[in-house]
Amino acid sequence: MAKDAPTLILDIDSGSLGACLVDHIEKPLISEVRRVSIGTGDTRDASALIPLLKEALTSVIPAYAKLNPHIRTVSVVIASPWFASTLRTLSSKSDKPTTVSQASIKRVVADHRKTEHEAQGKVTLEALPVTVEVNGYRTQVLKSVQGKSLSVTLYESITDQLFVRTVADAVHASLPHATLTWHTTPVAYAETLLRISDEDHATVIDVGSEVTDVVILSHQTVAFVGSIPMGSRTIQRAITTAKTNVADSASRLTMFARGELAPKDMEATAAALTEAAKPWQKGFTEIMAEAGNTVPVPHRVFVVGERDELPWFTQVVTGAETRGQRPLPTTVTAEFFAGAITYGENSSYDASLALDVLFIHMRGKGAPKVHSTAPVLYSVQ
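In this report, we go over the structure that sits alongside the text. Within every chain, residues take consecutive numbers counted from 1 along the sequence as written. Reporting in this predicted model follows two pLDDT cut-offs: at least 70 for local features of residues, and 80 or more for side-chain atom pairs to be given and counted; totals over whole chains, interfaces and linings ignore these cut-offs and use all residues. The side-chain quantities take in all heavy atoms of the structure and omit both hydrogens and water.

## A few points about the pattern of salt bridges
When their charged atoms lie close together, side chains carrying opposite charge are able to pair.
So, step 1. The salt bridge definition used is simple: a Lys or Arg side-chain nitrogen within 4 Å of an Asp or Glu carboxyl oxygen. Taken as a whole, this structure holds twelve salt bridges when the rule is applied.
So, step 2. Between glutamate 306 and arginine 35 there is a salt bridge whose closest N-O contact spans 3.2 Å. A residue pair is termed long-range when its members are at least 10 positions apart, and glutamate 306 in the loop between strand S13 (300-304) and helix H8 (310-318) and arginine 35 in strand S3 (residues 29-37) qualify at 271 residues.
So, step 3. Any residue under 20% of the maximum accessible area for its type is buried, any over 50% is exposed, and the rest in between are partly exposed; the area is computed with a 1.4 Å probe on protein chains only. When its relative accessible area of 29% is taken as the criterion, glutamate 306 is described as partly exposed.
So, step 4. In this structure, arginine 300 and glutamate 199 form a salt bridge, with 2.3 Å as the shortest nitrogen-oxygen distance. Note that arginine 300 is positioned in strand S13 and glutamate 199 in the loop between helix H4 (185-197) and strand S10 (202-207), a separation of 101 residues in sequence.
So, step 5. Given a relative accessible area of 27%, arginine 300 falls into the partly exposed group.
So, step 6. Beyond isolated ion pairs, a larger network of salt bridges with shared partners links Asp11, Arg35, Glu306 and Asp350. What counts as a helix is a DSSP run of H or I of at least four residues, what counts as a strand is a run of E of at least two, and both are numbered from the N terminus.

So, in structure tokens, the structure goes:
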């Protein structure tokens, strides 16, 4: 990548496409921030969203190519419903102590990958060893160690070939020489939030337009991934009446969170939001109960979402109950990053893009390419 060529970040969720340029100087410099809708309905099915995504991509990417035709790296970070992920444990044992190294870990993952066969039309994005235990003790294997047992917790993500091809074709139509790297939000957000907050345990709630991803972090690594088929737009739509529209609902919720409505309207909006939030809260409680069977459920919660939606959606989160306790949410605002990012021309704060940018920046310019035959191997520890 040329020294003066920025990286183009594409952040794709269930209802919007975010994009920005980032220059990798001492502090990443974000410029030319954009976010456009992907459709306007309640579609959550990835295949049905493809034409709408294509339309959004072709409306955005040519503008970046015009701004800087020398862009050579495009980092794509995707949220639900564009991927499916699993966490599984791979184990190997020997009768005598053997040397365990980074090569050993890669070999365990590679041997597992040989036995896995991707479903037709699917592509592996990531195969990441997020935790390693030797003789039952967790270690980063910074140096070779001796042990009889090796256990690797593997995070894997897959997506549809059609999705990959749609994004790649749209990028290469305007930036024919660009290289694409692919990442999923559970890993990108986890690594960034863990490094910034220095938390050992936390829950990340990524509020999309129509889907909410929930990631539980335990001992500074990804421990559980789930999703709720509802997002901010879903709730806005739920409080919309025959006399209003979704835009009216969005505006009313924003004013409600600021306390700017008349008392009667504050009361009515509070009641409508309480009712509309119940299915989301039920889904969140079920996820936390399922996760609690295998990992400690943390009460520290990070909420990631659009700036105007965060204040009222935080009330949705605090209304949930897990094991008799309410979550303690921290909204990921611009202040949360404490000057770790600088902003240039035509830029504004976007939580998802800020997390993506820091993730890519911390990994450096030598980020591995991601494709089905050469999965990325690194640890979030």
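## Some words on unusual backbone geometry
So, step 1. Looking along the chain, the bond that leaves serine 80 and enters proline 81 is cis, with omega of 10°.
So, step 2. Relative to the helices and strands, proline 81 resides in the loop between strand S4 (73-78) and strand S5 (84-100).
So, step 3. A positive phi angle, near 50°, is found at glutamate 32, a position not held by glycine.
So, step 4. Counting through the fold element by element, glutamate 32 comes out in strand S3.

## With respect to the pairing of strand S2 (residues 16-23)
So, step 1. Burial of S2 is extensive: seven of the eight residues sit out of reach of the surface.
So, step 2. In the sheet, strand S1 (residues 7-12) pairs with S2 via six bridges, with the strands oriented antiparallel. When the sheet's bridge partners are listed, leucine 8 is paired in S2 with leucine 21.
So, step 3. In this description, strands pair whenever DSSP reports at least two bridges between them. The antiparallel pairing of S1 with S2 creates a hairpin that spans three residues between the two strands.
So, step 4. Here S2 hands over to S3 after five residues, the two strands then running antiparallel side by side.

## Some details on the packing of aromatic side chains
So, step 1. Classification of ring pairs uses Phe, Tyr and Trp, with its six-membered ring standing for Trp, and accepts pairs whose centres are within 6.5 Å; under 30 degrees between planes counts as stacked, over 60 as edge-to-face, and the remaining range as tilted. For the structure on display, the rule yields eight aromatic pairs.
So, step 2. Between the aromatic rings of tryptophan 280 and phenylalanine 313, the centroid separation amounts to 5.4 Å while the plane-to-plane angle is 90°, which identifies the pairing as edge-to-face. Here the residue tryptophan 280 occupies a position in helix H7 (residues 263-291), and phenylalanine 313 occupies one in helix H8, the gap between them amounting to 33 residues. Comparing tryptophan 280 with phenylalanine 313 shows no difference in burial state: the two are buried.
So, step 3. Arranged with centres 5.6 Å apart and planes meeting at 90°, the rings of phenylalanine 336 and phenylalanine 337 form a pair that is edge-to-face. The exposure classification of phenylalanine 336 matches that of phenylalanine 337, with both residues buried.

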